[in-house]
Amino acid sequence: MASKRVAIIGGGVAGLACATYLERGGFDVLLHEADDRVGGRVRTDIVDGFKLDRGFQVHLTAYPEARYLLDYARLGLRDFLPGAKIRRGKMWTTVADPLRAPSKIFSTAVSPVASFRDKIALLELWKWCKTRDLDALLTDPTGSTVDFLGKFGMSENIIEGFFRPFYGGIFLENELTTSAKKFAFTFRMFADGVAALPAEGIEAIPRQLAANLKRTDIRTGSHVDASDVNADAVVLAMPTDDVSRWHATSAWYFAAEASPMRGEKLIALDGDDDGPVNNLCVPSDVQPSYAPDGRALVCASTVGIHEDEASVRAQLRQWFGVATDQWRLLRAVHVHKALPAQPDDRMTPVAKPVRRDDVYVCGDSHDTASLNGALASGRRAAQAVMADLGGAA
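Please read these numbers as outputs of a predicted model, since none were measured by experiment.

A. Geometry of the overall build of the protein. For the protein, the count of helices and strands is 13 helices and 18 strands. Computed over its C-alpha atoms, the radius of gyration of the protein comes to 21 Å, within 12% of the 21 Å expected for a compact globule of 393 residues. With respect to the three principal axes, the spread of C-alpha positions in the protein is 70 × 45 × 35 Å. The proportion of buried residues among the 393 residues of the protein is 56%. If you take every contact in the protein between residues at least 6 apart in sequence, the share linking residues at least 24 apart comes to 73%. For the protein, the accessible surface area stands at approximately 16600 Å², while carbon and sulfur atoms represent 52% of it.

And the structure:
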């Protein structure tokens, strides 16, 4: 008997994950991607030998869906230190996990960002997240992230100085209106693993997924809609009208002769909220392959779109001095649809239905807006197709 044929429209991470599970289930899969290559928002461009991700992106190694689908050794991951340098009161202070970054234990202990009571509250938050399974983290907390932090007794000082810039950079909104469910899940991922960069840039993740597909017919530059394809089932692996609002970001990439972070594998945060730059990192400090030998790649990121180079440079000059005047702008990457907004009412239920009329849907807006959510939604869509058409779920 001929195997069933499934068409997937969209070759981002969710579509590739869906194809992976359908192929394993014995289905013939045809994947259409309108762009010239797969990956969707998970993309890396090469400019003058520097690897520029489409917006500052990291991979959290604790993502359960990724651990199942990806070969971390082949990705050549290298890790950030678990912590941050924070610009607060025009001074720099370091906050890091003393168990995993013991060299930072003194600077963390005396940091003015967190009081003794804040450190006790952080320990309680860590224990709360670590003692619940992942499903509970995505169902139990209610309300916004900022309200959730308040329930643990976090002071305004640590919320403004650390949580707003750090999680603002993750959620791409610094009011912390993102659901506490997503915060709790993300906090647990940082507790269980590390943030890392692949050797060939973040796009190495979808490229690996695509390379693992042995029988799927991948067609790039293919502009189709559901009515154009002849298949037993159609999966829309693309943003659909369920995304009511998107968060945006700009990533300003500079080539520098030396790292302003002096080789520290940390992210720098704007704890003063006095400029457009929310955070800065030097990807080549973490993953040397991101820059040609002897050069440094600097990435300054904003929450929302920011197109004024002069104000970006003015803030960086305050942070790192006149040496920044010599940094060469490689590219400003403006991502208007970087991440689906997920306040609490968009996270209930977290795993949204994957059937819609006569098609199936997947993407990170149907789960937790993250790479893990994209992989999970692709898996759930494939399982729904296999349940309906018959196949190895």
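B. A look at the pattern of salt bridges. Counted under the stated rule, the structure contains 24 salt bridges. Measuring nitrogen to oxygen at the nearest pair gives 3.0 Å for the salt bridge that ties Asp217 to Arg219. Using a relative accessible area of 32% as the deciding quantity, one classes Asp217 as partly exposed. What makes Arg219 partly exposed here is its relative accessible area of 38%. One salt bridge in this structure joins Arg295 and Glu257, with 3.4 Å as the shortest N-O distance. Within this pair, whereas Arg295 is found in the loop between helix H11 (283-286) and strand E15 (296-303), its partner Glu257 is found in the loop between strand E12 (246-256) and strand E13 (267-270), the two being separated by 38 residues in sequence.

C. Looking closely at the packing of aromatic side chains. All chains considered together, the criterion is met by 22 aromatic pairs. With a centroid separation of 6.0 Å and 20° between ring planes, the pair formed by Phe163 and Tyr167 is classed as stacked. Of the two residues, Phe163 and Tyr167 are both situated in helix H8 (residues 156-171); the distance of four residues between them amounts to about one turn of the helix. Overall, the relative accessible area of 0% leaves Phe163 in the buried class. On the numbers, 5.2 Å between centres and 75° between planes, the contact of Phe166 with Tyr167 is edge-to-face.

D. Seen up close, the sheet that holds strand E1 (residues 5-9). Across the sheet, which stays open at both edges, the six strands sit in the order E10-E2-E1-E11-E18-E17 with mixed pairing between neighbours. Each end of this open sheet is capped by a strand with a single partner; those strands are strand E10 (217-220) and strand E17 (355-356). Strand direction decides the pairing type here: E1 and strand E11 (residues 233-236), joined by four bridges, are parallel. The partner of Ile8 across the bridge, within E11, is Val235. Against the sheet, helix H1 (residues 13-24) makes contact with E1, strand E2 (28-33) and E11, and its axis sits at roughly 170° relative to E2, the strand it touches most.

E. Quick peek at the packing of helix H5 (residues 116-130) against helix H9 (residues 180-192). Close contact between H5 and H9 brings their axes to 9 Å; oriented N to C, the two are set at 95°. In terms of axis orientation, H5 runs roughly perpendicular to H9. Between H5, through Leu125, Trp126, Trp128, Cys129 and Lys130, and H9, the contact on the second element is made entirely by Phe183, Ala184, Phe187, Arg188, Ala191 and Asp192. Across the contact of H5 with H9, the residue classes break down as eight nonpolar, no polar and three charged.

F. Summary view of the sheet that holds E15. As summarised here, the arrangement of the seven strands in space is E8-E7-E13-E14-E15-E12-E16, forming an open sheet in which the pairing is mixed. In this open sheet, the two edge strands, each paired with only one partner strand, are strand E8 (91-96) and strand E16 (328-340). The sheet shows a mean angle of 25° between the axes of neighbouring strands, taken without regard to direction. Alignment of E13 against strand E14 (residues 277-281), held across two bridges, turns out to be antiparallel. Of the residues in E14, the one forming a bridge with Leu269 is Asn279.

G. A look at H5. When the terminal C-alpha atoms of H5 are compared, their 21 Å separation across 15 residues agrees well with the 21 Å that a helix rising 1.5 Å per residue should span. The set of residues buried in H5 consists of Asp118, Ala121, Leu125, Trp128 and Cys129. The buried residues of H5 occupy an angular sector of 90° when the element is viewed end-on, so they sit on one face. Of the surrounding secondary structure, the elements contacted by the buried residues of H5 are helix H6 (134-137), helix H7 (145-151), H8 and H9.

H. Representation of the confidence of the model for the protein in the model. Of the residues in the protein, 95% reach a pLDDT of 70 or more, and the chain-wide mean stands at 93. Below pLDDT 50 for its whole length, residues 104-110 participates in 13 contacts with residues either more than four positions away or in separate chains.

I. Broad picture of the side chain of Asp118. Considering the arrangement of structural elements, one finds Asp118 in helix H5. There is no salt bridge for the buried Asp118, and the closest opposite charge comes from Arg117, which lies 7.3 Å off by N-O distance. Asp118 has contacts with Val113, Gly153, Met154, Ser155 and Ile158, leaving out every residue within four places of it along the chain.

About the thresholds
Residues numbered from 1 in each chain as written. Predicted model: local features only at pLDDT ≥ 70, side-chain atom pairs only at ≥ 80, totals over all residues. Heavy atoms only, no water. Helix = DSSP H or I, 4+ residues; strand = E, 2+ residues; numbered from the N terminus. Rg over C-alpha atoms; globule rule 2.2 N^0.38 Å. Buried < 20%, exposed > 50% of the residue type's maximum accessible area, 1.4 Å probe, protein only. Contact = heavy atoms within 4.5 Å. Areas by Shrake-Rupley, 256 points an atom, 1.4 Å probe, with all protein chains shown as cover. Salt bridge = Lys/Arg side-chain N within 4 Å of Asp/Glu carboxyl O. Phe/Tyr/Trp six-rings, centres within 6.5 Å; stacked < 30°, edge-to-face > 60°. Pairing = 2+ DSSP bridges. Axes fitted to C-alpha atoms, helices over the stretch in contact; angles between N-to-C directions. Parallel < 35°, antiparallel > 145°, perpendicular 65-115°, else oblique. Nonpolar A, V, L, I, M, F, W, Y, C, P; charged D, E, K, R; others polar. Expected span 1.5 Å × (residues − 1). Arc of directions from axis to C-beta. pLDDT = per-residue confidence, 0-100. Lys, Arg positive; Asp, Glu negative; His and termini not counted.

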